[in-house]
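Each chain is listed here by its residues.
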Amino acid sequence: MIENLIEIKGVKHAYATASGPLPVLDGLDVSVPEGSFAAVVGPSGCGKSTLTRLVAGLMKPDEGEVWLHGERVRGPRKTVGMAFQNPVLLEWRTIIDNVILPLEIVAPRMSRADRIARAMELLEMVGLTGFENKRPSELSGGMRQRASLCRSLVHKPDVLIMDEPFGALDNFTREDLWQTMRDLRRAEPFTTILITHDLTESVFLGDQVIVLSGRPARTQYVMQVDLPDDRTLDVLYTPPVADMLHILRDQIKIAQGRDVEVH
Amino acid sequence: MLGKIVVPIVAVLVFLGLWEALVWVNNWPNYKMASPSDLPPAFWKYKELFLVMGWQTLWRTVVGLFIAVVVGTALGMVIGFSRIAREALYPLLIGFNAIPKATLVPVISLIFIGQHDFNTILMAFTISFFPIAVSVGIGLSTLEPEYRDILRALGATRFTIFRKIALPKTLPEFFGALKVAATLAFIGTNLVEIVSPHGRGLGALFKSGETNGDYPLMFAVLIALAFLGIILYYAVVFLERIFAGWAEREAT
Ligand SMILES: Nc1ncnc2c1ncn2[C@@H]1O[C@H](COP(=O)(O)OP(=O)(O)OP(=O)(O)O)[C@@H](O)[C@H]1O
Ligand SMILES: [Mg+2]
């Protein structure tokens, strides 16, 4: 019986490289309840992006199982939305036409007016009203990432998979986007896996933070984050959050294979 | 807009003026170097021939170029999508491209004896498909994986990904290559018209000028060729504006 919307059990995977197989994942377990938000952190190159590709059905694991909604993932599915560090907006399309792109694949029968209405709703939520007819190059990095978020949500996916989406932004813009993300979650029901290298981000956005070990990655540590749903940035400066960040910091050191005093 | 029209025209006039002055100062006779003022009479004298033969050159070039676009794009897709095909085809393509095309004219003329239009188009195609194939191939094979994945993660087919993402994304490179290919196709057409003369095209007119010692005619043909080349080039630029205008950055 599968209760969680995302369920990853005992996943192992190795890439074939010129110098033989490179084990990347080894004993990965992740459970994300419906509507909940899982933040995944881990050392660079440990296999986080590989994890997103497995959940998205872009590749199959050598061993183990990936379940979405009680179904084995065997390939790509229309109920997934993806966002990357690079917003990958198409320069030959306006912002609104970029946002409706997934609908052209997922809902070929939907009328253009309906698609636009849906996209405008999202653009308004992220504060991009008035920019719908601009080209991506006319927007700032933060605005592009907002548009990219809209695109990954426009077809109302069950699962949102984000691979370091805010990684290339400056601190203030990143904090703005955290709040946008929090507001989107309240407005739309989706279950999220967020890859990040920012511990503060993982605590602010996540309902749980999953720490992966160094390559080959296994699930090293899972922290439940019990903060109110309507948390504001101020919560980041409270003692419970400081403690959580401290523990996560130590776990990352362990994952990187360094000695550490256990708290 | 004014600058875009006036500046090139002034440049051409300055060029013609310098040419005229050069011939005049050196007091060169016609058989050494015709001067611009000799050209209008030459054009006028053979105006029907210029129209008919110019058209023959132009349509055969355009057809050859069109086939080069179709075949070059198809080859580029194969190279771009399949690593095995890339490794297999690159040496062949590069080797083929390295052959001086003038040496192919007699070969082609012998294989397809008398098929003059076909031979000419074949040469225009042969000489011009390479840059198109390479640019499309490189454009597709260097597509960042994220661009593919945003649609692939939704279960889009390879063809949909090609149509919605890969193709539009490579259009700027494609048009860059098409500008080169258009000029090359011209060279191909003229090569056949001059090396294997069969009474058609501006190349044949050039040949007859040469045979009759009509030097102003020969220079007039060169100018006509340059003129056609410019027209074809700007036709490509026009298409580029329509289909890949988004890639143009505002000048700052
Ligand atoms: N297609 C591939 N073929 C071979 N090796 C790969 C492939 N993709 C990734 N790898 C290797 O697998 C390891 C894990 O890659 P992955 O991209 O999943 O790591 P990551 O945790 O996302 O890294 P980062 O923190 O830098 O984003 C890396 O060492 C990488 O070099
Ligand atoms: Mg990564």
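Predicted model, so just to flag it, every value in this text is computed and none were measured.

Participant: Please clarify how the confidence of the model for chain B should be interpreted in this entry.
Facilitator: Reading fine detail from the predicted coordinates is not recommended where pLDDT is low. Residues with a pLDDT of 70 or more make up 98% of chain B, whose mean pLDDT is 89. Taken element by element, the predicted model of chain B shows its lowest mean pLDDT in helix 5 (residues 104-111) of chain B (85) and its highest in helix 3 (residues 47-81) of chain B (93).

Participant: Please clarify how helix 4 (residues 83-98) of chain B should be interpreted in this entry.
Facilitator: What sets the pattern is the α-helix's 3.6 residues per turn: residues three or four places apart point alike. Between its first and last C-alpha atoms helix 4 of chain B spans 23 Å; for 16 residues at 1.5 Å apiece the expected length is 22 Å, and the two agree. Maximal helix bending in helix 4 of chain B amounts to about 35°, located at Leu-89 of chain B; proline Pro-91 of chain B follows within four positions.

Participant: Whenever I open this one, the sheet that holds strand 5 (residues 71-72) of chain A confuses me. Can you help?
Facilitator: Two modes of strand pairing occur in sheets, parallel and antiparallel, and in both the strands are linked by backbone hydrogen bonds. Residue and element names in this part refer to chain A. Across the sheet, four strands lie side by side as 2-1-4-5; this open sheet has antiparallel pairing. Across the chains shown, the open sheet's two edge strands, defined by having one partner strand only, are strand 2 (20-32) and strand 5. As paired elements, strand 1 (residues 6-17) and strand 4 (residues 63-68) share five bridges and run antiparallel to each other. Its bridge partner being in strand 4, Glu-7 is matched across the sheet by Trp-67. Along the sheet face, helix 1 (residues 48-55) touches strand 1, strand 2 and strand 4 and points at about 115° away from the line of strand 1.

Participant: I keep staring at the UniProt feature "transmembrane region" (unreviewed entry) in chain B and nothing clicks. Help me out?
Facilitator: Residues and elements named next belong to chain B. Following the UniProt record, one finds the feature "transmembrane region" (unreviewed entry) at residues 5-25, 58-81, 88-114, 120-143, 174-195 and 215-239. For the annotated span residues 174-195, helix accounts for 100% and strand for 0% of the residues, and the straight-line distance between the end C-alpha atoms is 30 Å. Annotated as 100% helix and 0% strand, the span residues 215-239 places its first and last C-alpha atoms 37 Å apart.

Participant: Help me understand the confidence of the model for chain A, please; the structure alone is not making it clear to me.
Facilitator: Model confidence for chain A is summarised by a mean pLDDT of 91, while 97% of its residues fall at 70 or above. Mean pLDDT values for the elements of chain A range from 88 in strand 5 of chain A up to 96 in helix 2 (residues 95-99) of chain A.

Participant: What am I meant to see in the site of ligand 1 here?
Facilitator: Residue and element names in this part refer to chain A. What surrounds ligand 1 is a group of 13 residues, the closest being Gly-47, Lys-48, Ser-49, Thr-50 and Arg-215. At 3.0 Å, a backbone N or O of Gly-47 approaches an oxygen atom of ligand 1. At 2.8 Å, a backbone N or O of Lys-48 approaches an oxygen atom of ligand 1. For ligand 1, the accessible surface in isolation is 630 Å², of which the surrounding protein chains cover 61%.

Participant: Honestly, the interface of chain A and chain B in this entry has me stumped. Any pointers?
Facilitator: Accessible area lost upon the coming together of the parts is a frequently used measure of interface size. Across the contact, 24 residues belong to chain A and 17 residues belong to chain B. Here chain A meets chain B over a buried area of about 1900 Å², counting both sides, of which 71% is carbon and sulfur. Ranking the residues of chain A by area buried against chain B places Leu-58, Trp-92 and Ile-105 of chain A at the top, with a combined share of 33%. On inspection of chain A and its partner chain B, the count reaches two salt bridges. The residue Arg-53 of chain A makes a salt bridge to Asp-149 of chain B at a minimum N-O spacing of 2.7 Å. In this assembly, chain A and chain B are joined by two residue pairs in polar contact (both at pLDDT 80 or more).

Participant: Honestly, the sheet that holds strand 10 (residues 219-224) of chain A in this entry has me stumped. Any pointers?
Facilitator: Residues and elements named next belong to chain A. Strand order in this open sheet of six strands is 6-7-8-3-9-10, and the pairing throughout is mixed. Looking at the sheet topology across the chains shown, the edges are occupied by strand 6 (80-84) and strand 10. Averaged over all neighbouring strand pairs, the angle between strand axes comes to 15°, with direction disregarded. For strand 7 (residues 159-163) and strand 8 (residues 191-195), the ladder comprises five bridges, and the chain directions are parallel.

Criteria and cut-off values
- Residues numbered from 1 in each chain as written.
- Chains lettered and ligands numbered in written order.
- Predicted model: local features only at pLDDT ≥ 70, side-chain atom pairs only at ≥ 80, totals over all residues.
- Heavy atoms only, no water.
- pLDDT = per-residue confidence, 0-100.
- Helix = DSSP H or I, 4+ residues; strand = E, 2+ residues; numbered from the N terminus.
- Expected span 1.5 Å × (residues − 1).
- Bend = angle between axes of the 7 residues up to and from the residue.
- Pairing = 2+ DSSP bridges.
- Contact = heavy atoms within 4.5 Å.
- Axes fitted to C-alpha atoms, helices over the stretch in contact; angles between N-to-C directions.
- UniProt positions renumbered as here; feature names shortened; annotations may be inferred.
- Near = heavy atom within 4 Å.
- Polar contact = N/O pair within 3.5 Å; in protein donor to acceptor, adjacent residues only side chain to side chain.
- Areas by Shrake-Rupley, 256 points an atom, 1.4 Å probe, with all protein chains shown as cover.
- Buried area = accessible area lost by both parts, 1.4 Å probe.
- Salt bridge = Lys/Arg side-chain N within 4 Å of Asp/Glu carboxyl O.

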